[in-house]
Amino acid sequence: HLNKSEDVIVFVDSLFRSVNLTYQKSVSRYSVSLYRYVIPHWELLNDTVYPLNAEWYANWFYGLLNLTSPEQAPIFMSKPRFLDATPEFRTNLTGMKEPDEENDNTLMDAEPLTGFIFNVHKRLQINVRLQQHSGWLFWSPVANVRDTLVPIVFVDETASASKSTCDEFVDKVYKPIKIVNDVRWALVALG
């Protein structure tokens, strides 16, 4: 049984860590009532703002997950278009659209009674840290490089229940519950 006031903890393999998903809003999919959970902004705050994130090497800007250690390369994961990240990363890049909470956040839609997941989007952006290096000063294309992140890949892994699966769920879960409730109230009425 899911509760709107309680976080759901999931392990995200590509982040090498577990994350809390917080309730955002109620949604539905083909007549199935669902709770939408998203990764809250505080999950990717740096450790000076949110000390619990020190465990995840979150010691640079906020909105990033430092994967340098497990990947052995200057790799940082963020939400797409740097949603909930330090704004300077977007402003350092030309042509990047503003992030959109609805389309750029990881989300999970779960049925509250059973916990079954009917829709999920794991949305991540893989970034490489680009730093000025003294050996580059004589090569004009990178001579004025700022210390920034460059997005390399945007990922949206998706799975959604079909209409027939949702219809079957309604028939096998919601309808029996309705019948039991209707019978219960009929018995109460009869005394």
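To keep things clear, this report deals only with the structure shown in the data block.

Attention now moves to unusual backbone geometry. Residue Ser31 is not a glycine yet carries a positive backbone phi of 75°. Tracing the backbone shows Ser31 in the loop between strand S2 (17–29) and strand S3 (32–38). You can call Ser31 exposed: its relative accessible area is 58%.

On to empty space enclosed by the protein. Taken as a whole and assessed by the stated rule, the structure comprises 1 cavity of 30 Å³ or more. Each pocket or cavity is described by its volume, and for the largest cavity that value is around 50 Å³. Lining the largest cavity are Leu15, Ile39, Leu44, Leu65, Met77, Ser78, Lys79, Thr106, Arg123 and Leu124. Elements that contribute at least two residues to the lining of the largest cavity include exactly strand S5 (75–78) and strand S7 (117–130).

What the largest pocket holds in volume is close to 190 Å³. Every residue lining the largest pocket is counted, 15 residues in all, and those nearest its centre are Val10, Val12, Thr106, Val120 and Lys122. Residue assignment for the lining of the largest pocket shows that the elements contributing at least two residues are strand S1 (8–12), S2, strand S6 (107–110) and S7. Among the elements that make up the lining of the largest pocket, the one with the highest residue count is S7 (4 residues). Residue composition of the lining of the largest pocket, by class: 12 nonpolar, 1 polar and 2 charged.

The next point concerns a nonpolar patch on the surface. On the surface, Ile179, Val183, Leu187 and Leu190 cluster together to form a nonpolar patch covering roughly 440 Å² of accessible area. Topologically, Leu190 is positioned in helix H4 (residues 163–190). Judged by its relative accessible area of 73%, Leu190 is exposed.

This paragraph deals with the environment of Ser28. With respect to the secondary-structure elements, Ser28 resides in strand S2. Of the residues examined, Ser28 reaches a relative accessible area of 54% and is grouped as exposed.

For the structure on display, the rule yields 11 salt bridges. Across the salt bridge formed by Asp84 and Lys79, the nearest N and O atoms sit 2.7 Å from each other. With relative accessibility at 3%, the residue Lys79 sits in the buried group. With a closest N to O distance of 3.4 Å, Glu157 and Lys122 form a salt bridge. Highlighted residues: Glu157 in strand S8 (residues 148–160) and Lys122 in strand S7, separated in sequence by 35 residues.

The subject of this paragraph is the pairing of S7. With 4 bridges joining them, S5 and S7 adopt antiparallel strand pairing. Looking across to S7, one finds that Ile75 is bridged to Val128. With 4 bridges connecting them, S6 and S7 associate as antiparallel partners. Directly across from Met108, in S7, lies its bridge partner Val120. Linkage of S6 to S7, two consecutive antiparallel strands, is achieved through a turn of 6 residues, within which Gly115 is found at a positive phi near 85°.

As enumerated under the stated definition, the model contains 7 aromatic pairs in all. Ring centres of Phe116 and Phe169 lie 6.0 Å apart, and the angle between their planes is 70°; this geometry places the pair in the edge-to-face category. On the criterion of sequence distance, the pair formed by Phe116 in the loop between S6 and S7 and Phe169 in helix H4 is long-range, its members being 53 residues apart. Taking the relative accessible area as the measure of exposure, Phe116 reaches 48% and is therefore partly exposed. Of the aromatic side chains, those joined through ring pairs into one cluster are Phe116, Phe118, Phe169 and Tyr174.

Criteria and cut-off values
- Residues numbered from 1 in each chain as written.
- Predicted model: local features only at pLDDT ≥ 70, side-chain atom pairs only at ≥ 80, totals over all residues.
- Heavy atoms only, no water.
- Helix = DSSP H or I, 4+ residues; strand = E, 2+ residues; numbered from the N terminus.
- Buried < 20%, exposed > 50% of the residue type's maximum accessible area, 1.4 Å probe, protein only.
- 1 Å grid on protein atoms, 1.4 Å probe; cavity = no way out; pocket = protein on both sides within 12 Å on 5 of 7 lines; lining within 4 Å.
- Points joined across faces, edges and corners; volume = space filled by probe spheres on them.
- Nonpolar A, V, L, I, M, F, W, Y, C, P; charged D, E, K, R; others polar.
- Patch = residues over 30% accessible without salt bridge, like charges linked within 9 Å, V, L, I, M, F, W, Y side chains within 5 Å.
- Areas by Shrake-Rupley, 256 points an atom, 1.4 Å probe, with all protein chains shown as cover.
- Salt bridge = Lys/Arg side-chain N within 4 Å of Asp/Glu carboxyl O.
- Pairing = 2+ DSSP bridges.
- Phe/Tyr/Trp six-rings, centres within 6.5 Å; stacked < 30°, edge-to-face > 60°.

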